[in-house]
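# A structural walkthrough
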Amino acid sequence: MTTTGTPVFVRGGMTRKQRRLTLIGIALAVLGLAAGLVLYSLSGSITLFQSPTDIVEKNLQPGARMRLGGLVEAGSVRRGQNMEVAFTVTDGRNSIPVAYRGILPDLFREGQGVVTEGVLGPDRSFRADSVLARHDENYMPKEVADSLKRQGHWKPGDPAPNPNAPARSP
Amino acid sequence: MSPEIGHFALVLGLALALVQSIVPIWGSRRGDAALMGTAPPVALGQFFFVALAFATLTHAYLVSDFSVENVFQNSHSTKPLIYKISGVWGNHEGSMVLWVLILTLFSALVALFGRNLPLTLKANVLAVQGWITAAFLLFILKTSNPFARITPAPMEGRDLNPLLQDVGLAIHPPLLYLGYVGFSMSFAFAVAALIDGKLDAAWARWVRPWTLVAWIFLTAGISMGSYWAYYELGWGGWWFWDPVENASLMPWLAGTALLHSAIVMEKREALKVWTVLLAILTFSLSLLGTFLVRSGVLTSVHAFAVDPERGVFILAILVAFIGGSLALYAWRAPTLKQGGLFAPVSREGALVLNNLFLTASCAAVLVGTLYPLALETLTGAKISVGPPFFNWTFGPLMVPLMIAMVFGPFLAWKRGDLLAVAQRLTLAFAAAILATLVAYAVTTGGPVMAPLFVGLAAYVIVGALLDIAERIQLFRAPAATSLARARGLPRSAWGAAIAHAGVGVMLLGIVGETAYKQETIVQMRPGDSVQVAGYDITLQGLVPVQGPNYRDLVARLTVREGGVDAGTLAPAKRVYTARAMPTTEAALKTRGVSQLYVSPGDASTDGSIALRFFYKPMVLLIWIGTLVMMLGGVLSLSDRRLRVGAPKPSARRAAAMQPAE
């Protein structure tokens, strides 16, 4: 498209003012295009982060796409056939069962923080299509840490509730 | 060497930085050559002391001095030598020292090689560099002392994060920082010009090589980081639109725009005010990147520190430098004289279009990166902006940019003729149509749009080659004449064409990887076979292997291609013993520019293991494309015009030898 919308002037018949207006016009068109794309895409590709308590208390509708984060409840991981995995995500007050099929990330462990993305089912169970644990073993995913703090399970300053986390000396 | 020497050297460096911040600029205001002359030796002294501090820290790592907390937290006595060295910058404190070391290195280079700079400009540039150095040294000494001791000294260290124990990542941060910090030079030149109120074509000629150096390193750093993520994280992805990646992409986009607008300023004295603004914005984005990564406001493997004091300090630096320079800009920019009129359809016009699309895409990335932070601060809602957002904003903005990119070099300065250029590009259009049809015919599946993008890539590559062919009159003049013209062609012209072709090569790799990749996940027992993209892969067995500071569970796979043995693959599940941290080691088989990629999941108790196979056609072109772009940058940098710098008598002789552009 190169300069779609700009007239092609082979013979220079433009005044200084016209040239400037043309340039400003192109600039506004490009910025308008960018702004339009940003607004359009933002409305479609945002996912909200929810804790198990959010899901229970806000009575969220089934079918909604979201991120669910919390701790993987100790003893809740069951592996089935064909890489099916079921586990429970808890924030200490409420728990949500999660089903996932595929390879779990390296840092997925019982008792540790996890963020899953997927769809809430009708019986308050969660079908995850991705499990994220792209965090370093020193700390929790930020959203999970915040939600645990809210539930009073982790005070700021404490080491992350993680058996391998080294206590940071001040 | 005692760590205290390093600490003391940092303090001395800070003292010198303060001198450099004040004295030269005071001299330039008073027109005092002696005061201005203090800048170069002080800059060299600063580099010496920061380098001494860095050497002291490196020494502490090499001898595993665990009485230094930083070494204790990030090193281990059994760690291989290269990771003892890279461990120095594999953590917050050490990486900040590296940041400042590179900053003072650039100041020292200006002091040493900036002989043809006017005295006032040189003094002002070094003073601005002094401000940045002082701010960051203060930050290190106040909040992130790398030399803090612990008593009693522990016997053994905690080891470097295993994900960072990789050759690619050992050199990724220094490259990235050379890029980030290199843009401080264009920033310093811009602020110095605003202070002086003097801005001419010679200024652009001085700024361009520094910007080009920073751009080449940043390109290398981003590319290296992307390849690291591709093979080390085990997900097979090469770009995640992670905030930390975006933090490095934004200065790259702005820096690319700056490179192009500086050409207009140098050749035509137009776009002055805009170029200065871009120089300021580019470094501001580098600072923003440093803030996002270092303050811990984002969550990723890069955030070593979750420490509010540091975040507030860097935020203060950010506000002071960005706010200060923009205020100075608002005050002084109107006094700069604009020159060089041009018609919308012209080389200048094309470069303006380039700048518009690059800055607009940069703004889109900025919105996507900061929106979740802003929303959480304002409303408390936690959201994530996923890759679809970036693909749907960034992608559509890149397409017109790439179409226009081919036209640009063919358009004449001041006033061009689109139709005439389109005629000269017939071959590029033909190549695009042919490539689209071929891609459509030979590929099955994949998105409908993919063949069109293959066509776009072919158009960009052929268009860039046509630019060179046209300039040397290939096939139109006798071969000897063409050869002579090719030799006489300025290196910057070669550089531009090659860099543009590199963009096309990279695009081809991106299309191949995203549109035509094949993926299979299977649970396998020893003896099981699977077929992936024409390869028969058999799991021979699972073998435990002991490494220097880790244990591997290796899945031994044999690969057959059309019944013929094609070697083995050995992906592994690895556990680093010091931190008991598991990682996934993917295995790759390269065929031309395509790759077969295997990454293992968890082994089950019944002796089976989950394996994820990818076939990634043309994937290597992504990084080969960036290498080609860097080659273009290096060629451009070696152009005589930039080495000579300011217009000098000898420049006339050089001009006589080369045909006019």
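Residues numbered from 1 in each chain as written. Chains lettered and ligands numbered in written order. Predicted model: local features only at pLDDT ≥ 70, side-chain atom pairs only at ≥ 80, totals over all residues. Heavy atoms only, no water.

## Overview of the overall build of chain B
To be explicit about the condition: Each helix is a run of DSSP H or I of at least 4 residues and each strand a run of E of at least 2, with the numbering of both proceeding from the N terminus. Taken over C-alpha atoms, the radius of gyration is set against a globule rule of 2.2 Å times the number of residues to the power 0.38. Between buried and exposed lies partly exposed: a residue is buried under 20% and exposed over 50% of the maximum accessible area for its type, with that area taken using a 1.4 Å probe on protein chains only. Any two residues whose heavy atoms approach within 4.5 Å are treated as being in contact. Using a 1.4 Å probe, the Shrake-Rupley method yields the accessible areas, and only the shown protein chains count as cover for residues.
Looking only at helices and strands, chain B features 22 helices and 11 strands. Computed over its C-alpha atoms, the radius of gyration of chain B comes to 27 Å, within 12% of the 26 Å expected for a compact globule of 661 residues. Along the first, second and third principal axes, the C-alpha atoms of chain B reach 80 × 75 × 55 Å. When each of the 661 residues of chain B is scored for burial, the buried share is 61%. Once local pairs closer than 6 in sequence are excluded, the contacts in chain B between residues at least 24 apart make up 73%. Looking at chain B as shown, the accessible area adds up to about 25,000 Å², and 68% of this sits on carbon and sulfur atoms.

## Concerning the confidence of the model for chain A
Low-confidence regions, as indicated by low pLDDT, have predicted coordinates that should not be scrutinised in detail. Residues and elements named next belong to chain A. Filter applied, for reference: Per-residue confidence from the predictor is reported as pLDDT, a score between 0 and 100.
Of the residues in chain A, 72% have a pLDDT of 70 or more, and the chain-wide mean is 74. Mean pLDDT across the secondary structure elements of chain A bottoms out at helix H3 (residues 142–150), with 68, and peaks at strand S5 (residues 95–101), with 92. In the model, residues 1–12 has pLDDT below 50 throughout and makes 18 contacts with residues more than four positions away in sequence or in other chains. Between residues 155–170, whose pLDDT stays under 50, and residues either more than four places distant or in other chains, the model counts 27 contacts.

## So, the pairing of S5(A)
Residue and element names in this part refer to chain A. Worth spelling out the cut-off: Should DSSP find at least two bridges between two strands, the strands are taken to pair.
Of the two faces of S5, only the one carrying Ile96, Val98 and Tyr100 is buried; Ser95, Pro97, Ala99 and Arg101 on the other face are not. Note that strand S4 (residues 84–90) and S5 share seven bridges and pair antiparallel. By the bridge assignment, valine 89 is partnered in S5 with isoleucine 96. Between S4 and S5, which pair antiparallel one after the other, the connecting turn spans four residues, and glycine 92 there sits at a positive phi close to 95°. As paired elements, S5 and strand S7 (residues 126–132) share two bridges and run parallel to each other. Residue alanine 99 lies in a different strand from S7, and its bridge partner there is arginine 127.

## What about the sheet that holds strand S10 (residues 594–603) of chain B?
Residues and elements named next belong to chain B. Test applied: In this analysis, axes come from line fits to C-alpha atoms, helices being fitted only over the stretch in contact, and the angle between any two N-to-C directions falls in the range 0 to 180 degrees.
What the four strands build is an open sheet, ordered S2-S11-S10-S9; its pairing is antiparallel. Unpaired on one side and paired on the other, strand S2 (518–524) and strand S9 (587–591) mark the two borders of the sheet. Each neighbouring strand pair of the sheet contributes to a mean axis angle of 15°, computed without reference to strand direction. In the packing of helix H9 (residues 201–232) onto the sheet, the strands contacted are S9, S10 and strand S11 (609–616), and the crossing angle to S10 comes to about 50°.

## Description of the nonpolar core
Residue and element names in this part refer to chain B. The test is simple: We define a nonpolar core as any set of buried Ala, Val, Leu, Ile, Met, Phe, Trp, Tyr and Cys residues linked to one another through side-chain atoms lying within 4.5 Å.
Counting 185 residues, the largest nonpolar core has Trp99, Phe189 and Trp203 as its most contacted members. When residues in this core are grouped by element, the largest group, 17 residues, is from helix H8 (residues 167–196). Not counting chain neighbours up to four residues away, the residues in contact with tryptophan 203 comprise Leu121, Phe189, Ala190, Ala193, Met265, Thr275 and Val276.

## Considering the side chain of B:His260
Definition in use: Here a polar contact is recorded for every N or O atom pair within 3.5 Å, except that within protein the pair must consist of a potential hydrogen donor and a potential acceptor, and residues adjacent in sequence are included only if both atoms are side-chain atoms.
Checked against the element boundaries, B:His260 lands in helix H10 (residues 243–268). Engagement of the side chain of B:His260 in a polar contact is seen with the side chain of B:Asn354, the distance being 3.5 Å.

## Some words on the packing of H10(B) against helix H13 (residues 347–379) of chain B
Residues and elements named next belong to chain B. Our working rule: Each angle gets one of four labels, with under 35 degrees taken as roughly parallel, over 145 as roughly antiparallel, 65 to 115 as roughly perpendicular, and the rest as oblique. In a left-handed crossing the near helix is turned counterclockwise from the far helix by less than a right angle, and in a right-handed crossing that turn is clockwise. Residues are grouped as follows: Ala, Val, Leu, Ile, Met, Phe, Trp, Tyr, Cys and Pro are nonpolar; Asp, Glu, Lys and Arg are charged; every other residue, Gly included, is polar.
Viewed as axis vectors pointing N to C, H10 and H13 meet at an angle of 160°, and their least axial separation amounts to 9 Å. Considering the angle they form, H10 stands roughly antiparallel to H13. Judged by the twist between their axes, the crossing of H10 over H13 is left-handed. For the pair formed by H10 and H13, the contact residues are Pro243, Asn246, Leu249, Met250, Leu253, Thr256, Ala257, His260, Ser261, Val264 and Arg268 on the first element and Glu348, Leu351, Asn354, Asn355, Leu358, Ser361, Cys362, Val365, Leu366 and Thr369 on the second. Its residues placed into classes, the contact of H10 with H13 shows 11 nonpolar, eight polar and two charged.

## Structural notes on the packing of H9(B) against helix H20 (residues 620–637) of chain B
Two measures define how a pair of helices packs: the angle their axes make with one another and the distance between the axes. Residues and elements named next belong to chain B. In contact at an axis separation of 10 Å, H9 and H20 are set at 165° when each is read in the N-to-C sense. By the angle between their directions, the pair H9 and H20 is classed as roughly antiparallel. Note on packing geometry: the crossing formed by H9 with H20 is left-handed. Facing Arg208, Pro209, Leu212, Val213, Trp215, Ile216, Thr219, Ala220, Ser223, Ser226, Tyr227 and Tyr230 of H9, the residues of H20 in contact are Leu620, Trp623, Thr626, Met629, Met630, Gly633, Val634, Ser636 and Leu637. Taken together, the residues that form the contact of H9 with H20 break down as 14 nonpolar, six polar and one charged.

## Structural notes on unusual backbone geometry
All names here are of chain B. With an omega of -10°, the peptide bond between threonine 151 and proline 152 qualifies as cis. With respect to the helices, strands and loops of the structure, proline 152 is situated in the loop between helix H7 (119–143) and H8. One non-glycine residue, alanine 533, lies in the positive phi region at around 45°. In this fold, alanine 533 is placed in the loop between strand S3 (529–532) and strand S4 (535–546).

## A few points about the packing of aromatic side chains
Residues and elements named next belong to chain B. Selection rule: Pairing of aromatic rings covers Phe, Tyr and Trp, the last counted by its six-membered ring, and requires centre-to-centre distances within 6.5 Å; plane angles under 30 degrees mean stacked, over 60 mean edge-to-face, and any other angle means tilted.
In this structure the tally under the stated criterion is 24 aromatic pairs over all chains. Summarising the aromatic geometry, the rings of tyrosine 227 and tyrosine 230 are spaced 5.8 Å apart at their centres and angled 35° between planes, so their arrangement reads as tilted. On the criterion of helical spacing, the pair formed by tyrosine 227 and tyrosine 230 is a turn pair, its members being three residues apart in helix H9. Taking the relative accessible area as the measure of exposure, tyrosine 227 reaches 26% and is therefore partly exposed. Each ring, one from phenylalanine 389 and one from phenylalanine 390, has its centre 5.0 Å from the other, and the planes form 85°; the classification is edge-to-face. Given the relative accessible area of 0%, phenylalanine 389 is considered buried. Taking relative accessible area as the criterion, phenylalanine 390 reaches 1% and is therefore assigned buried.

## Some details on a nonpolar patch on the surface
Residues and elements named next belong to chain B. What counts here: The residues that make up patches have over 30% relative accessible area and no salt bridge, and they are joined within 9 Å when like-charged or within 5 Å when they are Val, Leu, Ile, Met, Phe, Trp or Tyr. Definition used for salt bridges: Asp or Glu carboxyl oxygen within 4 Å of a side-chain nitrogen of Lys or Arg.
A contiguous nonpolar surface patch, about 330 Å² in accessible area, is contributed by Leu62, Val63, Leu81 and Ile85. Secondary-structure assignment places isoleucine 85 in helix H5 (residues 81–86). Isoleucine 85 sits in the partly exposed class, given a relative accessible area of 32%.

## Quick word on helix H11 (residues 272–294) of chain B
Formally: To estimate the expected span of a helix, count its residues, drop one, and scale the result by 1.5 Å.
Between its terminal C-alpha atoms H11(B) stretches 33 Å, which fits the 33 Å expected from 23 residues at 1.5 Å a residue. Buried residues dominate H11(B), accounting for 21 of its 23 residues.

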